[in-house]
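# Remarks on the overall topology
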Amino acid sequence: MSRYCVIGAGAAGLSAIYQLRSAGHEVDCFEKTDRAGGHWHTDYEALHLITSRDMTHFEDFPMPKDYPHFPRRDQVREYIESYAREFDLYRNIRFNTSVQSVSPVECDGDAGSAGWTVTTEAGSGTYDGVLVANGHLHDPKVPHVPGEFTGKQLHSSEYNNPSDIEGTRVLVVGAGNSGCDLAVDAAQHRFDTDVVIREGVYFQPKTYFGVPRQEVGFLKEFSPEEQDFVSRLLSRVSLGSNEKYPGLPVPQHRTLAEGRTVVNDLLLYWVHHGRIALVPGITGFEGKTVSFTDGTSKEYDTLLWATGFHASVSFLDESLLRRSSGAPIRYAGGIIPEGLEKLYFIGLIAPRGPQIPIYGVQAKVAARMIRIHESQPNASASLARYFQGLQDPEDRIDIVRDIWLDQMNDTERLLDAFEQNNLPRRDDAESAVL
């Protein structure tokens, strides 16, 4: 029986274990903490899903109907743990075991084609393949700013609740979904809160007509481009334009797909109620004073960095990874890293919308790739090289869902062709016998 390694026991890792076991493989999963569920154990208390309960679940395992439309952090955590219990996935997980290195077994072929050696605190083992499922939310990114801020500073990954805030004046740096959540949390607890917004984004409400956005039936009748237009129109009617909110820049991109989109309307609510003010980019620190690009400055007691994460893969030698825009270059819908065989990323891409279903789709395709590898006489199909020659490189983590779905459909098409011993040209106009 072939043996595979899964790194991480969050929702992505659990999906990988399930698919590998369903395919009859032996699986070892290494999780550095003492629990399954990943970041849902440590995220800030105010976190809720921004996608709906009925669209954000594992395949054939819906969330409980008594959950609200947008479950809170602890409910999502309990749901993920219930999935692990239901399918007896815990028996494959080695908790409190940090992976130190993942190295390709030496061979004459492409890196990884002979398998991988995984070294943990407990020792080393060789695996036929590795599924990296520890995500992209574990290495906080904090930009360099000239000067020194002497107040309290926390990254969003360290923030738990308003008791972490010192003083009364809060500056949140970053206006993505997490930044808006942190600002709203502070404002609702009567802190004087400012938010740095350097460029315009489209704000979208969680619901239209009281229905979660992904579940509005008539939207499904439109093309992706038409849905984009209708969503902008509905948001304009319910929230108004950015010009209606003091300090909120106007988006420079025409559509939701062309730029960043934030699913949050509470931040705008508190802007109109005077609890949140919007400020431009930061130019420097001096003590507790923060200077801004418009020439103004202001004092703050606490600074919350909501500035994202590095796409780091600490246990892989960086010489093995080719990066672009800070992220590993991948193919096949974000699954296969360039130049590496039998190593698969599960969850290192985040198509907009519900995330948990993504992991199962990726893990299922990875299991198919494993089957193809094992069907070859030398147990290696050179799939990384195959996809690199037929698809564009992908360096995005945030990606429009329809673009990702097109990538996955193309990946399935190319796998079909491979299994039929046909090697299609890039434009699919003709094919050659492999």
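Below is a summary of the structure that appears in this document. (Residues numbered from 1 in each chain as written. Predicted model: local features only at pLDDT ≥ 70, side-chain atom pairs only at ≥ 80, totals over all residues. Heavy atoms only, no water.)

### A word on the sheet that holds strand β24 (residues 343-345)
Basically, it comes down to this: For two strands to count as paired, DSSP must find a minimum of two bridges between them. Counting from the N terminus, the helices are the DSSP runs of H or I reaching at least four residues and the strands are the DSSP runs of E reaching at least two. Residues are treated as being in contact if the distance between any of their heavy atoms lies within 4.5 Å. Each axis is a line fitted through C-alpha atoms, taken for helices only over the stretch in contact, and angles between the N-to-C directions span 0 to 180 degrees.
Strand order across the open sheet formed by five strands is β3-β2-β1-β7-β24, with parallel pairing between neighbours. Taken across any chain shown, the strands that pair with only one partner, and hence form the sheet edges, are β3 (93-94) and β24. The sheet strands contacting helix α1 (residues 11-22) are β1 (3-7), β2 (26-30), β3 and β7 (129-132), and the helix crosses β1 at an angle near 165°.

### Details of the side chain of S241
This is how the line gets drawn: Whenever two N or O atoms come within 3.5 Å, that pair is a polar contact, provided that in protein one can donate a hydrogen and the other can accept it, and provided that, for residues adjacent in sequence, both atoms are side-chain atoms.
Structurally, the position occupied by S241 is in the loop between α4 (224-239) and β14 (261-263). Within polar-contact distance, the side chain of S241 engages the side chain of E243 at 2.9 Å.

### A look at the pattern of salt bridges
Rules: Salt bridges are identified by distance alone: a Lys or Arg side-chain nitrogen within 4 Å of an Asp or Glu carboxyl oxygen. Only protein chains enter the accessibility calculation, which uses a 1.4 Å probe. A residue is then buried if its area is under 20% of the maximum for its type, exposed if over 50%, and partly exposed in between.
One pass over the structure, following the stated rule, counts 24 salt bridges. With a closest N to O distance of 3.2 Å, R3 and D28 form a salt bridge. Here the residue R3 occupies a position in strand β1, and D28 occupies one in strand β2, the gap between them amounting to 25 residues. Residue classification places R3 among the partly exposed residues on the basis of a relative accessible area of 23%. Among the ionic contacts, a cluster of salt bridges with common partners joins R368, R371, E412, D416 and E419.

### A short note on the sheet that holds strand β10 (residues 192-196)
Whenever strands of a sheet pair, they do so through backbone hydrogen bonds, lying parallel or antiparallel. As summarised here, the arrangement of the five strands in space is β8-β19-β9-β10-β15, forming an open sheet in which the pairing is parallel. Pairing within the sheet leaves two strands with one partner each, and these edge strands are β8 (152-155) and β15 (276-279). Averaged over neighbouring strand pairs, the angle between their axes works out to 20° when direction is ignored. Here five bridges tie strand β9 (residues 169-173) to β10, and the two strands are oriented parallel to one another. Within β10, the position partnered with V173 by the bridge is V196. Helix α3 (residues 177-188) rests against β9, β10, β15 and β19 (302-305) of the sheet, and its axis sits at about 165° to β10.

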